[in-house]
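Below, each chain spelled out in residue letters.
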Amino acid sequence: MIALVPLAAEEIQNPLVPPIPELVIGLIAFAIVFGFFAWKFLPAINKVLEERREAIEGGMEAAEEARTEAQSVLEQYRAQLAEARHEAARLRQEALEQGTALKEELRAEGQRQREEIIAAGHTQIAADRKAASQALRQDVGKLATDLAGKLVGESLEDHARQSRTIDRFLSELEEKAEAAR
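Keep in mind that this is a model prediction, so the values were computed, not measured.

Details of the overall build of the protein chain
Looking only at helices and strands, the protein chain features four helices and zero strands. Beginning at the N terminus, the succession of helices and strands in the protein chain can be written as α-α-α-α. The buried share among the 181 residues of the protein chain stands at 4%.

Regarding the packing of aromatic side chains
In total, this model carries four aromatic pairs according to the counting rule given. With 6.0 Å between their ring centres and 20° between their planes, F30 and F34 make a pair best called stacked. Of the two residues, F30 and F34 are both situated in helix α2 (residues 20-40); the distance of four residues between them amounts to about one turn of the helix. For F30, a relative accessible area of 55% corresponds to the exposed category. A ring pair is formed by F36 and W39, whose centres lie 6.2 Å apart and whose planes are at 55°; its orientation type is tilted. In this pair, F36 and W39 are both assigned in helix α2, three residues apart and thus about one turn of the helix distant. Look at W39 and you get exposed, because its relative accessible area is 63%. Put simply, the rings of F36, F37, W39 and F41 touch in pairs and so form one group of aromatic residues. Stacked on the ring of W39, the Lys or Arg K40 has its end atom at 5.6 Å from the ring centre.

Regarding the layout of surface pockets
Here the largest pocket defines a volume of roughly 220 Å³. For the largest pocket, the full set of lining residues is S133, L136, R137, V140, L170, L173, E174 and R181. For the lining of the largest pocket, the secondary structure elements donating two or more residues are α3 (42-152) and α4 (159-180). Considering every element that reaches the lining of the largest pocket, the biggest residue donor is α3, with four residues.

Details of the pattern of salt bridges
In the structure shown here, the tally under the stated rule is ten salt bridges. Notably, a salt bridge pairs R53 with E57, separated by 2.8 Å at the nearest N-O pair. In this pair, R53 and E57 both sit in helix α3, four residues apart, roughly one turn of the helix. For E94, the salt bridge identified is with R90, shortest N-O distance 2.9 Å. One end of the pair, E94, and the other, R90, are both in helix α3, four residues apart, so they sit about a helical turn from each other.

Describing a nonpolar patch on the surface
Taken together, the side chains of V33, F36, F37, W39, F41, L42, I45 and L49 make up a nonpolar region of the molecular surface, amounting to roughly 840 Å² of accessible area. For the nonpolar patch, the elements supplying multiple residues, two or more each, are α2 and α3. For the nonpolar patch, the leading source of residues is α2, giving four residues. Here V33 is to be found in helix α2. On the basis of relative accessible area, V33 is assigned to the partly exposed category, the value being 43%.

With respect to the confidence of the model for the protein chain
Mean pLDDT over the protein chain: 84, with 88% of residues reaching 70 or higher. Considering each helix and strand of the protein chain separately, the mean pLDDT is smallest for helix α1 (residues 4-12), with a value of 52, and largest for α2, with 93.

The rules behind these values
- Residues numbered from 1 in each chain as written.
- Predicted model: local features only at pLDDT ≥ 70, side-chain atom pairs only at ≥ 80, totals over all residues.
- Heavy atoms only, no water.
- Helix = DSSP H or I, 4+ residues; strand = E, 2+ residues; numbered from the N terminus.
- Buried < 20%, exposed > 50% of the residue type's maximum accessible area, 1.4 Å probe, protein only.
- Phe/Tyr/Trp six-rings, centres within 6.5 Å; stacked < 30°, edge-to-face > 60°.
- Lys NZ or Arg CZ within 6 Å of the ring centre and 35° of its normal.
- 1 Å grid on protein atoms, 1.4 Å probe; cavity = no way out; pocket = protein on both sides within 12 Å on 5 of 7 lines; lining within 4 Å.
- Points joined across faces, edges and corners; volume = space filled by probe spheres on them.
- Salt bridge = Lys/Arg side-chain N within 4 Å of Asp/Glu carboxyl O.
- Patch = residues over 30% accessible without salt bridge, like charges linked within 9 Å, V, L, I, M, F, W, Y side chains within 5 Å.
- Areas by Shrake-Rupley, 256 points an atom, 1.4 Å probe, with all protein chains shown as cover.
- pLDDT = per-residue confidence, 0-100.

Structure follows, in structure tokens:
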């Protein structure tokens, strides 16, 4: 039986529950280590955490300021872009108006030059017609005088008589030409 008592005493003790004196010594050691760490490292940890919180808040503030500034720059860019588009449209309209005015001016200049050329042509034609008529009168007059001299059998060298004969002959030809029209 004696051998059973130590076994019974060992059976009563639970292996998961440590003995009370060890538990008290463990708790005192834990409190000392925890107190030492809290006294030595907790301020440094709190300081690092505070710096980190301030850095994050400062970063958020800086990001907010940067976002606000970017929004402002974007609005300025959009305003400048709208102004540039407006200016481009105004320049296009102005160029179109200038082109139209230039086209009209060139058309008027071309019309004026055309009229000048036509007038010069009419003047030249009239001068050429007059010169041709004069040359024709002289040639026809000479031929008519020669022919009349051969028909009459005498020389018609008298210049005054020759001119009257030629003028009368040409007048008759012109009257016949007008009557034929």
